[in-house]
Structures are given as C-alpha cells and as structure tokens.
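A look at the structure
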Amino acid sequence: IKPGWFSEVDDLWPGVSLSLEVVKILHRERSEYQDVMVIDTRSYGRTLILDGIIQCTERDEFAYQEMIAFLPLCSHPNPKTVLIVGGGDGGVAREVAKHPQVEQITQVEIDPKVLEVSKTYLPHMGIGLQHPKVTLNVGDGFQFLKQHQGEFDVIITDSSDPIGPAKCLFQESYFSLMKTALKPGGIVCSQAGTAWLNLNHVKDTVQHCKAIFPVTAYGVASVPTYPTGQIGFVLGGLSPETNFKQAQKVFTERELDQMNMKYYNSEVHQAAFVLPRFITKTLNDA
Ligand code: AAT
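Analysis parameters
Residues numbered from 1 in each chain as written. Predicted model: local features only at pLDDT ≥ 70, side-chain atom pairs only at ≥ 80, totals over all residues. Heavy atoms only, no water. Helix = DSSP H or I, 4+ residues; strand = E, 2+ residues; numbered from the N terminus. Contact = heavy atoms within 4.5 Å. Buried < 20%, exposed > 50% of the residue type's maximum accessible area, 1.4 Å probe, protein only. Lys, Arg positive; Asp, Glu negative; His and termini not counted. Salt bridge = Lys/Arg side-chain N within 4 Å of Asp/Glu carboxyl O. Polar contact = N/O pair within 3.5 Å; in protein donor to acceptor, adjacent residues only side chain to side chain. Pairing = 2+ DSSP bridges. Core = buried A, V, L, I, M, F, W, Y, C linked by side-chain atoms within 4.5 Å. Near = heavy atom within 4 Å. pLDDT = per-residue confidence, 0-100. Axes fitted to C-alpha atoms, helices over the stretch in contact; angles between N-to-C directions. Right-handed = clockwise from strand over helix to strand, strands pointing away.

So, on to the environment of R42. Inspection of the secondary structure assignment puts R42 in the loop between strand 3 (35–41) and strand 4 (45–50). In the structure, R42 is positioned 21 residues away from E21 in sequence and 5.6 Å away in space, judged by C-alpha atoms. Not counting the four nearest positions on each side in its chain, R42 is found in contact with E21 and V23.

Structure below.
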C-alpha cells in the first residue's frame, strides 16, 4: 500500500482493491458499531469510509443514491410512504424527497455517529436528513421492522455490506419482515452487491427475495468507487402487476433537470435490468 493512499482491502473482495490518493484525513473515530472515517481525496472529493469500506464519495455518490431510490419509486404507481433502512449519509433521503408523490419518509440508521459526521463533513448529502418530509430514527433496521406492519409503499435498504451490523439485512427473515411492513402493492429495494466479485452472495440475496415476493428483479448501476465499479440492487414486489423493467412514472427532461437528476431517467431504468448472460443464468437458478 503506497503512503498517502487509501486502499479498500477486504475479504469480501479477496485479491482486489480500489485505491484513492488522500489529500487529508478530516475525521476518524471508533463508534459503538464501526470505525468511522471521512477523508478528502484527490480525484473523488470527500469520502465516507466505514470499517475500511468506501460508502460514498462526493463525485460519484449520485449514481448509487439516485438508482437505489428511483428504481423502486418509479416502479410503484403511487409511492406516498417510504422507509429507508441505513443510509446514514443522507444521500438516499435527499433523492427520495425529490419524488413528487412521496409524502412521508421514515428512516432508521443504526449509527448516530454516521449521521453526525455526514451533517458536518458531507453537507450536500447530510441535507437529506433535515428535509421536512423525513422522520429520523436511530436503531437497528431489523428490530425496527418488527414493530411496523402495513405502513410503507416502498422500503429501501441502503445498507453497508453483509458484515458487522448489516449482516442481518441480507437474511431471508429480513425480507419477510419487510413484506409484513409493506402496504398492499408495496415494493422493496436492497443494496445487493456486485456480480463480478460476489455472484454467490448476489444469488443468495435474490433467492431470499424470491422466497418472499411474487415479483423480483436484479438491476445494476455503474459506480466507479465501489468494488469492480458496479453495484446491484434486488427488488421485490407484492403485486403480480409490478413490472420492474418498465418505469411506471416517466419524468420529462425538464422535470429531471428541475430535480437535478444526473444519472436516472426512464431509459436508464429499463437498461439497469438488461444483464450479461453469466448473471442472468446464475440468477435464473436462484
Ligand atoms: N448511501 C450509501 C452508503 C451506504 S451507507 C450504509 C449505512 O447502513 C451505514 O450508515 C450503516 O451505519 C448503516 N447500517 C448498517 N447496519 C444497519 C442496521 N442493521 N440497521 C440500520 N442501519 C444499518 C451503503 C454503502 C454500500 C457499500 C458497497 N460496497
């Protein structure tokens, strides 16, 4: 590892690592749950790192946050109430709040330090947490869901990778709890890892989703600072009429400009579900 560089080394991606040149370490502490760090980097701006894993960078965060929010929101005919699990940086809340049909956003993040650090060092994301539509809770998403039934049109799980506090958010029992917390016709969307490194992980997550939801899909987005530069999402729908591959809500160019969308539009929505053969074949068996 070169001095002055941050390298993302983890057993989730053995033998590969993305490195960013560090300009300055802005913050570092050990919270109750994880190691929390914010660095300034030469090419990607400010970067949030939890337990040594990149959560988001200033320069490319829009790709992930727009997609994890708008794939499920635009697949739902009328998404009024939304739950966000995780997402402590606030980027997903910022995106969900842009959708004109959304009235109420509930969020549950386990680590108050992430919320604090984001408001201080990543204000363009942290601002999402302060939106008037947002009610913020501090706690474990898994436990939170046990207390909520039939409340949400859409549940977005913006979770860290399946180690540490996020492990429980990838289990079949979690998909089952989400199902119970949804309103009729509800939709879920979870961060589900990349097929290039963790195809078996992706397959397991899709399998859990398929076991609980009648309609499912796996879609991808390109995010240069996530391992392999690609991240996937698993979506599940309660209604057999849900078709993830075709956006229900189509925004005009003008609306997309007004919403300051930099990645998402309805063509990108459709394209997210067009997958290479090695992925489709594996997931069809799930
Ligand atoms: N917005 C993109 C960044 C994330 S953040 C993931 C968040 O999930 C973190 O703030 C973490 O504290 C929170 N979290 C982890 N476990 C739980 C839990 N059980 N309940 C609630 N919140 C939780 C995603 C990065 C993806 C990285 C891909 N390599």
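Quick look at the side chain of E109 now. Among the secondary structure elements, E109 is positioned in strand 7 (residues 104–109). One buried charge, E109, has no salt-bridge partner; the nearest side chain with opposite charge is K119, at 12 Å. There is a polar contact of 2.8 Å between the side chain of E109 and the backbone nitrogen of D111. If we ignore the near neighbours within four places in the chain, the residues touching E109 are G86, G87, G88, V114, L115, N137, V138 and G139.

It is worth spelling out the pairing of strand 5 (residues 53–57) at this point. Counting buried positions along strand 5 gives 5 out of 5 residues, so the element sits mostly inside the fold. Pairing of strand 4 with strand 5, which is carried by 4 bridges, proceeds in the antiparallel orientation. Considered in strand 5, the bridge of L48 is made with C56. Remark: 2 residues form the turn of the hairpin made by strand 4 and strand 5, two consecutive strands paired antiparallel; D51 in that turn has positive phi of roughly 45 degrees.

As a rule of thumb, nonpolar side chains are buried together in soluble globular proteins. Within the largest apolar cluster, 40 residues are counted, with the highest numbers of intra-cluster contacts made by F70, L71, V82, V96, I156, F233 and Y264. For this core, the secondary-structure elements that each account for two or more residues are helix 1 (61–73), strand 6 (81–86), helix 2 (91–96), strand 9 (152–158), strand 10 (182–193), strand 11 (215–222) and strand 12 (230–237). Here V96 is in contact with A69, L73, V82, I84, V102, I105 and I156, once residues within four sequence places are set aside.

Glancing now at the environment of Y264. Of note, Y264 is situated in the loop between helix 8 (253–258) and helix 9 (266–271). When sequence neighbours within four positions are dropped, the list of residues in contact with Y264 reads E66, M67, F70, L71, C74, A247, L256 and H269. One polar contact links Y264 to H269, side chain to side chain, over a distance of 2.8 Å.

This part covers the site of the ligand. Around the ligand, the structure places 30 residues, and the nearest of them are D89, E109, D140, D158 and D161. Between the ligand and the protein, one listed contact pairs an oxygen atom with a side-chain N or O atom of Q34 at 3.0 Å. G141 has a polar backbone atom sitting 2.9 Å from a nitrogen atom of the ligand. If you list the elements that add at least two residues to the shell around the ligand, you get strand 5, helix 1 and strand 7.

Moving on, we get to the confidence of the model for the protein. Across the protein, pLDDT averages 97, with 99% of residues at or above 70. In the predicted assembly, ipTM is 0.98 and pTM is 0.98.

Glancing now at the sheet that holds strand 11. Taken in spatial order, the 7 strands line up as 8-7-6-9-10-12-11 in an open sheet, and their pairing is mixed. If you trace the sheet from one side to the other, it starts and ends with strand 8 (134–138) and strand 11, each paired once. Taking each pair of neighbouring strands and ignoring which way they run, the sheet shows an average axis angle of 15 degrees. Two strands pair when backbone bridges link them, and strand 6 and strand 7 are joined in this way by 5 bridges, in the parallel orientation. Bridge pairing in strand 7 links V82 to I105. Against the sheet, helix 1 touches strand 6, strand 9, strand 10, strand 11 and strand 12, its axis set at about 155 degrees to strand 9.

A separate point is the pairing of strand 9. Strand 9 sits mainly inside the fold: 7 of its 7 residues count as buried. Pairing of strand 6 with strand 9, which is carried by 5 bridges, proceeds in the parallel orientation. Directly across from V82, in strand 9, lies its bridge partner V154. Here strand 9 runs beside strand 10; their pairing, made up of 5 bridges, is parallel. Counted as the bridge partner of V154 is I187 from strand 10. With helix 6 (residues 172–181) bridging strand 9 and its parallel neighbour strand 10, the resulting β-α-β unit is right-handed.

Right, let's talk about unusual backbone geometry for a bit. Although it is not a glycine, T228 adopts a positive phi angle of roughly 70 degrees. Among the secondary structure elements, T228 is positioned in the loop between strand 11 and strand 12. Of note in the backbone geometry, N260 takes a positive phi value of approximately 55 degrees without being a glycine. Looking at N260, the relative accessible area reads 47%, which means it is partly exposed.

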